[in-house]
Each structure stands twice: as structure tokens, then as C-alpha cells.
Amino acid sequence: MSDRVRELLASVELFGEMLDDEIDDLTALAQIKKLGKDTTVFHAGDPADAVFVVASGRIKVVITSTDGKEFILTVLGAGQVFGEMALLESAPRSASVVTLSTVEVLVINRSDFQRLLDSNPRISQRLMAILSRRLRRANAKMESLAYMDVAGRLARYLLDLARDHGQRLGNGWVVVRRPTHSDIAHSIGTSRETVSRLINEFEEGFGLVNKGKFTYIRENLLE
Ligand code: CMP
């Protein structure tokens, strides 16, 4: 099991430049946990005692309004870190995290993570770069909510999804498995029915086409 944990940690962007013996130390600290689909990892407002890395599967980061409406801030997949904000700020969790599939996570407890940042400035720098990229993404999302119509928001959502999680087919197209229409609706501020209608209106000529649970996008649209 620890060989697997080691291999996973070595492939995580945040720990990319660590030396072999540093990865060994981290391997001893990280625990691997398997979670079923639709499991809540933690709720917004919970106290925080650990940081997580997605080893396999996908999770969603969500906020819920007082009347129970869900808004998905982002979807994260293998190699991505979550749960760092509450630890860095010594604050409660800023959002809830729910699994979208069976998920394996690596768990590093708060004091070990803190020691890791204190002793390894490269990890702190990488973490700042990751946070900065997330802020840039959040700004882009605010921009699309403020200025784009639903079709534009959906197209941008699918492009981001393909960029982050897509697989190149080698024939100029990228394929990506879509979340449910309900999850997409909750990510772009519209209804499930509207997503289902618009999904069928995209055509091959646009360089974006939906077939079954998959979306195909022309590679040149992702540049
Ligand atoms: P934390 O506040 O500990 O718990 C919720 C986590 O969701 C948070 O840390 C981040 O890891 C993640 N998160 C919150 N907001 C965003 C966002 N806008 N983009 C990406 N990840 C986020």
C-alpha cells in the first residue's frame, strides 16, 4: 500500500519538486481512504483538521443557499489538492466537498501539513501558484455569470472541463465524460431542463458535439 501512496504523492503537482527522501517522509504521514459515490467529505462551516489530495475519481466543491439550492464552485480530479484553505487561514471549511464517483483520497493531518510548509518553501510556492490559478478561475466564472448568456456559460463550462479532464483522441478531437445535467446546471446557474435542451443544440460544425454521456471538442478550441 505504501508504494502506491508514494507513487500517488510523487505525481501530485503540489509535491512535484520534492526529493526522494522527502517523498518517503510524506508517504509515512499520508493515509489513503476510499469513499463511495455521493459521500460528503466535510460540510461548509466544519472545523478543519486535515488536507486532502484526490488520488482517483472526482469530487465537487459546493455551497448551498439557505433554501437548499446547490451551487458547484468547481470539480476536482486526480492529483488535485483540497481542504487547504481552512488550514492556511485557521478558519472553518469554506465550502462542502462531495464525491461524484468512487474516490480515493490521501489525507494529511493539519500539523503534518503545517510542518511540511514550514520546512519546504518550494511546496509553499507551488501552493500559492495553485491558489492563484483558482482565483483566476473564480474570476472567469464571475465574469461569465455577469456577462454571458446560458449558452455561452455552457460552452465555456464544457471547454474548461475538456481542458482539465479531457483525453486527446489523436484525430484533432478531445473527449470528456460530462457530469450529470443537474450538476452542470448547478455549476452555471441554470436549470437541468435548460442544460438538456442546449446540449442537444450544439453541433459538430461548432467544434463541440455531445454524444451520450460524452462531449467531443476540437483540440484547437482549447488552445
Ligand atoms: P477549505 O475551505 O478547507 O474546504 C473547502 C475547500 O474547497 C477549500 O478549502 C478549497 O480546497 C476548495 N475550494 C473552495 N473554493 C474553491 C474554488 N473557488 N475553486 C477551487 N477550489 C475551491
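Residues numbered from 1 in each chain as written. Predicted model: local features only at pLDDT ≥ 70, side-chain atom pairs only at ≥ 80, totals over all residues. Heavy atoms only, no water.

**Q** How should I be thinking about the domain arrangement of the protein chain in this particular structure?
**A** Frequently, the measure chosen for interface size is the accessible area that the parts lose on association. Splitting the protein chain by domain gives domain 1 (2–145) and domain 2 (148–222). Distance from the C-alpha centre of domain 1 to the C-alpha centre of domain 2: 25 Å. On the side of domain 2, 14 residues touch domain 1, which itself brings 16 residues to the contact. Carbon and sulfur atoms make up 44% of the area that domain 1 and domain 2 hide from each other, which totals about 1,200 Å². (Domains from an automatic or database assignment. Contact = heavy atoms within 4.5 Å. Buried area = accessible area lost by both parts, 1.4 Å probe.)

**Q** Before we go on, may I ask you to explain helix α8 (residues 192–201) in this structure?
**A** Each α-helix turn comprises 3.6 residues. Residues three or four places apart therefore point the same way. Every buried residue of α8 is accounted for by Thr194, Val195, Leu198 and Ile199. Down the axis of α8, the buried set is contained in an arc of 130°. They therefore lie on one face. Contact partners of the buried residues in α8: α6 (150–165), α7 (181–188) and β11 (208–211). (Buried < 20%, exposed > 50% of the residue type's maximum accessible area, 1.4 Å probe, protein only. Helix = DSSP H or I, 4+ residues; strand = E, 2+ residues; numbered from the N terminus. Arc of directions from axis to C-beta.)

**Q** Quick question: what am I supposed to make of the site of the ligand here?
**A** Residues in close proximity to the ligand total 13 residues, the closest being Gly83, Glu84, Ala86, Arg93 and Ser94. Between an oxygen atom of the ligand and a main-chain N or O atom of Ala86, the distance comes to 3.0 Å. For the ligand, whose unbound accessible area comes to 460 Å², protein coverage reaches 91%. Taken together, the elements giving at least two residues each to the shell around the ligand come down to β5 (70–76) and α3 (84–89). Among the elements that make up the shell around the ligand, the one with the highest residue count is α3 (three residues). For the shell around the ligand, the residue count by class is seven nonpolar, three polar and three charged. (Near = heavy atom within 4 Å. Polar contact = N/O pair within 3.5 Å; in protein donor to acceptor, adjacent residues only side chain to side chain. Areas by Shrake-Rupley, 256 points an atom, 1.4 Å probe, with all protein chains shown as cover. Nonpolar A, V, L, I, M, F, W, Y, C, P; charged D, E, K, R; others polar.)

**Q** What is the right way to read the sheet that holds strand β9 (residues 167–168) from this model?
**A** Hydrogen bonds between backbone groups are what pair the strands of a sheet, and the pairing can be parallel or antiparallel. Spatially, the four strands line up as an open sheet ordered β9-β10-β12-β11, and their pairing is antiparallel. With partners counted over all chains shown, the strands left at the sheet margins are β9 and β11, one partner each. Pairing of strand β10 (residues 173–177) with strand β12 (residues 214–218), which is carried by five bridges, proceeds in the antiparallel orientation. Looking across to β12, one finds that Trp173 is bridged to Arg218. (Pairing = 2+ DSSP bridges.)

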